[in-house]
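# Fold and geometry: a report
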Amino acid sequence: MTSSDVEHTALLLSEPASEYSLFLSSLSDQDKQFLGLVSSNADFVYKYQNPLSHDLALESIDLEKIYEGVERREQEQEERGDQSDKEKLDFQDLVVVELLHFFRHSFFKWVNKPECPHCKSDENIQGVGVTRGPPASQDPDEVGRIEIYKCTKCGQQVTFPRINNPVSLLRTKEGRCGEWVNCFMLLLQATLGADVQIRYIVNYEDHVWCEYYSTNLKRWVHLDPCEDAFDNPTLYCENWGKSMSWVFGFGLGYVVDLSDKYITKPDKQLDKWAVVSHPSVVRKYLEYTNNQLLKKYYTERLNGIRDEASRLLALSEEVVSLKENELNGSPTRTANKNDVPKGRQSGSAEWTKTRGEAGE
Ligand SMILES: [Zn+2]
């Protein structure tokens, strides 16, 4: 860290807000709609910072079983001895690997359609509509939408509330990729500790996953809890055969365009400019959002540090350098592709096929 890094951070922080107001007011409706993806997720990871929710998360899982699994994986890695030191996973990495496995196979359940409580089956369940959940202030589960279904066999109406509070998901333990990633990220943050950085990853074509920063591997590592996938960024384009236009990463204090990391095959790149008008719109909006997020981090998370220079140094180390190192390119290791079954594993075969994720 040099004094110029700190000066650079101070400049990012001081960008005048007035410069952006003209830009924001000139956006087209289509651009606003696209950028809503960025603005609605900008603060996402702040919800994993509450120490109380960490306690609840740790109480809901079998930590002893997870650490046993980590020990076994450590031994297996030693016995194989087939990796270079650079690729070797350390204890923390193996905790993540084991947590992913536990979450997918012993904790959370996938829901295509809810079960009829009367017939104990989802076979005759048909969707009939969607309503909005109650106002957030009156709803501890933070339900966004409520999907409404009907059982055509017995006539029973069944609802499926889409819960957004990760603590509530520790209780319900079910959902689709949104619920899976949300609940997993809370468990991940709680297990690794508050100092480890995690990110929420959103694809414009309706899939979400996450990452954590491995201090051992010195880079952000891809994680997909729905698929029990660790460090396999080519999963979507090369295994599922999924086509995508944009992918964004949301960390504590910034947002970053990760399209190049995850759209790994040129023929799977959907037209980026069909959904937003111009590269400069995205660049400028990310600059604006990052300015806002940096200010938030500075005033809220670093307010315990009195000395201005130390605050700027912390901001530079914890946010700016992590973001910019990555944009300058970092090595990626890819999981052994032979170990990964072809096509998306979460969701029914029919559903996966209609989404173009079956690996065909
Ligand atoms: Zn029924």
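Everything numeric here is computed off the predicted structure, so don't read it as measured data. (Residues numbered from 1 in each chain as written. Predicted model: local features only at pLDDT ≥ 70, side-chain atom pairs only at ≥ 80, totals over all residues. Heavy atoms only, no water.)

According to the domain assignment, the chain consists of domain 1 (3-111 + 165-354) and domain 2 (113-164). Each of domain 1 and domain 2 has a C-alpha centre, and these two points are 29 Å apart. Taken together, the 13 residues of domain 1 in the interface contact eleven residues of domain 2. With both sides pooled, the region where domain 1 packs onto domain 2 buries about 910 Å², and carbon together with sulfur makes up 39% of that total. Between domain 1 and domain 2 we count three salt bridges in total. Remark: the boundary between domain 1 and domain 2 carries nine residue pairs in polar contact (both at pLDDT 80 or more). Elements represented by at least two residues in the side of domain 1 that touches domain 2 include exactly helix 7 (166-172), strand 5 (174-175) and helix 8 (177-192). With five residues, helix 7 is the largest single contributor of residues to the side of domain 1 that touches domain 2. Of the residues in the side of domain 1 that touches domain 2, the class split is three nonpolar, five polar and five charged. (Domains from an automatic or database assignment. Contact = heavy atoms within 4.5 Å. Buried area = accessible area lost by both parts, 1.4 Å probe. Salt bridge = Lys/Arg side-chain N within 4 Å of Asp/Glu carboxyl O. Polar contact = N/O pair within 3.5 Å; in protein donor to acceptor, adjacent residues only side chain to side chain. Helix = DSSP H or I, 4+ residues; strand = E, 2+ residues; numbered from the N terminus. Nonpolar A, V, L, I, M, F, W, Y, C, P; charged D, E, K, R; others polar.)

All right, on to helix 11 (residues 279-301) then. The end-to-end C-alpha separation of helix 11 is 32 Å, in line with the 33 Å expected for 23 residues at 1.5 Å each. Within helix 11, burial applies to V281, V282, Y285, L286, Y288, T289, N290, N291, L293, L294, Y297 and Y298. (Expected span 1.5 Å × (residues − 1). Buried < 20%, exposed > 50% of the residue type's maximum accessible area, 1.4 Å probe, protein only.)

Attention now goes to the coordination of the zinc ion. For the zinc ion, the protein coordination sphere consists of C116 (SG), C119 (SG), C151 (SG) and C154 (SG), at 2.3 to 2.4 Å. Seen from the zinc ion, its four donor atoms lie at angles of 102 to 114°, and the figure they make is tetrahedral. Sequence spacing among the residues donating to the zinc ion works out to C-x2-C-x31-C-x2-C. Of this pair, C116 sits in the loop between strand 1 (109-110) and strand 2 (125-132) while C151 is found in strand 3 (residues 143-151), placing the two residues 35 residues apart along the sequence. (Donors = N, O, S within 2.8 Å, 3.2 Å for Na, K, Ca; no water. Tetrahedral: all angles 85-135°; square planar, octahedral: opposite > 155°, others 65-115°.)

A cluster of acidic residues, D62, E64, E68, E71 and E74, forms a negative patch on the protein surface. Relative to the assigned elements, E64 resides in helix 5 (residues 63-80). (Patch = residues over 30% accessible without salt bridge, like charges linked within 9 Å, V, L, I, M, F, W, Y side chains within 5 Å. Areas by Shrake-Rupley, 256 points an atom, 1.4 Å probe, with all protein chains shown as cover. Lys, Arg positive; Asp, Glu negative; His and termini not counted. Charge placed at Lys NZ, Arg CZ, Asp CG, Glu CD.)

Tallied over the full model, the rule gives 16 salt bridges. The closest approach of N and O atoms between E98 and R73, which form a salt bridge, is 2.5 Å. Linking E98 in helix 6 (residues 91-107) with R73 in helix 5, this pair joins segments that are 25 residues apart in sequence. One salt-bridge network, held together by shared partners, links R145, E147, R162, R176 and E179.

With that out of the way, let us pick up the side chain of T191. With respect to the helices and strands, T191 occurs in helix 8. On the accessibility criterion, T191 (14% relative accessible area) is buried. Within the structure, T191 has its side chain in polar contact with the backbone oxygen of L187 (distance 2.6 Å). Once residues lying within four places of it in the same chain are set aside, the contact partners of T191 are L58, I61, L63, Y67, V95 and L99.

At a minimum axis distance of 8 Å, the contact between helix 1 (residues 3-14) and helix 11 shows a crossing angle of 110°. Regarding the angle of helix 1 to helix 11, the classification is roughly perpendicular. Seen from helix 1, the contacting residues are T9, L12 and L13; seen from helix 11, they are N291, L294, K295 and Y298. Per-class residue counts for the contact of helix 1 with helix 11 are four nonpolar, two polar and one charged. (Axes fitted to C-alpha atoms, helices over the stretch in contact; angles between N-to-C directions. Parallel < 35°, antiparallel > 145°, perpendicular 65-115°, else oblique.)

Attention now moves to the packing of aromatic side chains. In the structure shown here, the tally under the stated rule is 24 aromatic pairs. Relative to F248, the ring of W246 lies with its centre 5.7 Å away and its plane at 5°, an arrangement referred to as stacked. Each member of the pair W246 and F248 is classed as buried. Across the ring face of W220, the terminal group of R199 is positioned such that the distance to the ring centre comes to 3.9 Å. Positioned over the ring face of Y46 is K296, at 4.5 Å from the centre of the ring. (Phe/Tyr/Trp six-rings, centres within 6.5 Å; stacked < 30°, edge-to-face > 60°. Lys NZ or Arg CZ within 6 Å of the ring centre and 35° of its normal.)

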